[in-house]
Every structure is written in structure tokens, then in C-alpha cells.
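Working through the structure, step by step
Here is how the chains run, residue by residue.
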Amino acid sequence: MNTSVREIHTSSEPDSSYFLRVDWRGRGLGSGFQLLLTDGRDAWRGDVSEAAVCEEAEELEMETQRYIQDLQQALTETESSSTYSFSLTPSPPDHRSAVTLAYEKVQKDISFRLGSVLLMAVTEPAEAVRELLIHSLQRGNSLEHHNQKLEEENQRLRREQRRITAELKRYAGGKEALEAELYSRFVLVLNEKKAKIRSLQETVTHLQETRSSDGQKKEDPVKSDRSAGQEEDEYGGSTDEEAEEEQSTPASLPTRGPTPLQDPVSRGLPSALQMLQQQVQQQMRTCLKTSDPVR
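Residues numbered from 1 in each chain as written. Predicted model: local features only at pLDDT ≥ 70, side-chain atom pairs only at ≥ 80, totals over all residues. Heavy atoms only, no water.

**Structural notes on the overall build of the protein chain**
Looking only at helices and strands, one finds five helices and seven strands in the protein chain. Taken from the N to the C terminus, the helices and strands of the protein chain come in the order β-β-β-β-α-α-β-β-β-α-α-α. Within the span of the protein chain, comprising 295 residues, buried residues form 22% of the whole. The contacts in the protein chain between residues at least 6 apart in sequence include a share of 53% that link residues at least 24 apart. (Helix = DSSP H or I, 4+ residues; strand = E, 2+ residues; numbered from the N terminus. Buried < 20%, exposed > 50% of the residue type's maximum accessible area, 1.4 Å probe, protein only. Contact = heavy atoms within 4.5 Å.)

Structure follows, in C-alpha cells:
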């Protein structure tokens, strides 16, 4: 059994308050309901059947579900609203006679009747008022208990929020510390790479200078031999007998040593330089891919 209690005001007596109790079974008022109306001194009771609900919906040419929804809002809405109005006949009601409670819906300054119910006077109104008060107290205790549970849940959620906020701050601080540590390590590694690149560049420069010096030294004897040969052709002409002796003994002439281009040391030097240059270029590309160098 579902029960709802609300305060209503009639259009004929807007200053007077009535309390309307609605009892129904099921999920809505479509299966019928019972009404209890009291002003605190007298009480009236009546029933509305399922057939009466369907008949009212047909007369208004409304869908049954839509009519039931409007009916439930009119009779069980806890907050007063200008959308629905009530009237009692006769007004003021006689505590000994029956009254008719009509409920209407106001829409754009136009009202149409949702329904009406005949209420009979209760022989013992004090008992009906007592039941209404008991239900109101029970409902108030239930709501208070529910509010207490909600308050406890809110406090738990606040504590959880504070804990999560503290954890987030701790994680943020740890993240910043870790980033600073990783950055310092990266700077050390990058400076080491830069020092190694500078060392390789100095080695390459030194080898290039050594190569140029060795080439210059080997070219000087060749130039001196060429100069001596030219002087001999110009000033030291040989006789016919000397020419015949030179032709008869060509094998006795000493053989020259390898030229600078035939020297195996000179041939191996460019390949070593190329290998060092390739290593320097590879180290520079690796550093450029990681990050900008720290100066």
C-alpha cells in the first residue's frame, strides 16, 4: 500500500486548509485509490475505482497513461502548485453530510476538470485524524533517517575527496622531482657526448695536419732530384765514351725507392681519416636527435 499526504486549498475558501490522504496499490492510481479529507475536526472518506479512472480518461479524450500521470500529480504532489485547483460542494461542507471533491487542471488560464469523487462523512473523525498524524510522524521519521544516511554518505565522500586530492598533489610533486632528476641525468650524458665529439674533432684535425706535413716533406726530395737532373742536362754533358759505358751497364744503376704515392703508410692514412670523420658525424647525429645541446 502506498500513501501520500498533502495540504490543499479550495477555491471557495482559499484561507482554509485541508489535508488530503491518498492510498493506492500498485505503481500508480490507474488501479483505483482511496481518499481521506480532513480539516482537523471533521473527516470524509471515499473511493475511486479503476473503471471510474478509465471512464474519466475517455470523457476527456486523453490517453489513459497521460490522464493517470496528471491525476497523480494533482492528488499526490507534495508542493502546492497553481497548475491544479480543488473545490468542495457544498461549501462550507457539513460535517454530517457527504461532500464532492472536484480537482481541475489549469492550463493557460483555461481549466478543465480531471475528475471528482463523492466523500462520505466519517463517524469518528478523531480516529481518522489520529491515523493521519501517525502516518505523518512515521513519514517524517523515515525522511529524517534517510537524510541522516545521506549526510553520512556525504561526509564519507568528502573524506574520500580530500584523500584523493592529497594523493594527486603527492603524485604531482613526485612527477616534478622525477622529471628534474631525469633532466639532470640527460644533461650529464649530453655533455659527455659533446666532449667526446670535440675530442674526435681535435683528433681529426691533428691527423689532417700530420698528413699535410708528411706530404710536404716527401715532396721536397722529389723537387730537389728534379732540379739536380735539370742542372746536369744543362751543365754536365757526357762524352761518347761515357755514353757507351752507361749503355753497357744499365743494370748497375741503383733503383729509386717508392714515391710518396706508392708509400703504404700514405695510402692507409686517408682511410683512417675517413673512419674518424664517419664516427664524428654519427655521434653528432645521435646528439641532435635527442635534444638541443646544453651550453
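**Concerning helix α2 (residues 64-76)**
Three- or four-residue spacings in an α-helix give side chains the same orientation, since the helix completes a turn every 3.6 residues. Helix length check: α2 (13 residues) gives 18 Å between terminal C-alpha atoms against 18 Å at 1.5 Å per residue, within 8%. Those residues of α2 lying buried are Tyr67, Ile68, Asp70, Leu71, Ala74, Leu75 and Thr76. (Expected span 1.5 Å × (residues − 1).)

**Side note on the pairing of strand β7 (residues 110-121)**
By the bridge criterion, two bridges tie strand β4 (residues 43-48) to β7 in an arrangement that is antiparallel. By the bridge assignment, tryptophan 44 is partnered in β7 with alanine 121. Where strand β6 (residues 99-107) folds back onto β7 in an antiparallel hairpin, the turn is made up of two residues, including lysine 108, whose phi is positive at roughly 55°. (Pairing = 2+ DSSP bridges.)

**Comments concerning the pattern of salt bridges**
All chains considered together, the criterion is met by eleven salt bridges. In this structure, glutamate 151 engages arginine 158 in a salt bridge whose closest nitrogen and oxygen atoms are separated by 4.0 Å. Owing to a relative accessible area of 38%, glutamate 151 belongs among the partly exposed residues under this scheme. Note that glutamate 181 and arginine 185 form a salt bridge whose closest N and O atoms lie 2.6 Å from each other. With glutamate 181 and arginine 185 both in helix α3 (residues 125-235) and four residues apart, this pair spans about one turn of that helix. (Salt bridge = Lys/Arg side-chain N within 4 Å of Asp/Glu carboxyl O.)

**Focus on the environment of serine 16**
Examined against the element boundaries, serine 16 turns out to sit in the loop between β1 (2-8) and β2 (18-24). Taking the C-alpha atoms as reference, serine 16 lies 8.2 Å from aspartate 39; in sequence the two are 23 residues apart.

**Some thoughts on the nonpolar core**
The biggest cluster of nonpolar side chains holds 27 residues, and the ones touching the most others in it are Phe33, Leu35, Leu75, Leu101 and Tyr103. Taken together, the elements giving at least two residues each to this core come down to β2, β3 (33-38), β4, α1 (50-59), α2, β5 (84-89), β6 and β7. Per element, the largest residue contribution to this core is five residues, and it comes from α2. Residues contacting leucine 101, with those up to four places away along its chain left out, are Ile8, Leu20, Leu35, Phe86, Ser87, Leu88, Gly115, Ser116, Val117 and Leu119. Core analysis: the second largest hydrophobic core is formed by five residues, Leu200, Val204, Leu276 and Val280 among them. (Core = buried A, V, L, I, M, F, W, Y, C linked by side-chain atoms within 4.5 Å.)

**Brief notes about the pairing of β3**
In terms of burial, β3 is largely enclosed, as five of its six residues are buried. Taking the residues that link successive antiparallel strands as the turn, the β3-β4 hairpin has four residues, and the phi of glycine 40 there is positive, at about 100°.

**Some words on the sheet that holds β2**
With antiparallel pairing, seven strands are arranged side by side in an open sheet as β1-β2-β3-β4-β7-β6-β5. Sheet topology places β1 and β5 at the edges, where each strand pairs with a single neighbour. With direction set aside, neighbouring strand axes in the sheet form an average angle of 25°. Relative to β7, α1 is tilted by about 155°, and along the sheet it contacts β3, β4 and β7. (Axes fitted to C-alpha atoms, helices over the stretch in contact; angles between N-to-C directions.)

**Section: the confidence of the model for the protein chain**
Residues at a pLDDT of 70 or more form 76% of the protein chain, whose mean pLDDT is 79. Confidence scores differ between elements of the protein chain, with helix α4 (residues 240-248) showing the lowest mean pLDDT of 49 and β3 the highest of 91. Note that pLDDT drops below 50 for residues 242-266; the model gives that stretch seven contacts with residues more than four away or on any other chain. (pLDDT = per-residue confidence, 0-100.)

**Considering unusual backbone geometry**
Put simply, threonine 89 and proline 90 share a cis peptide bond, and its omega is -5°. Looking at the element boundaries, proline 90 is found in the loop between β5 and β6. With a phi angle near 55°, glutamate 61 is a residue other than glycine that sits in the positive phi range. Considering the arrangement of structural elements, one finds glutamate 61 in the loop between α1 and α2.

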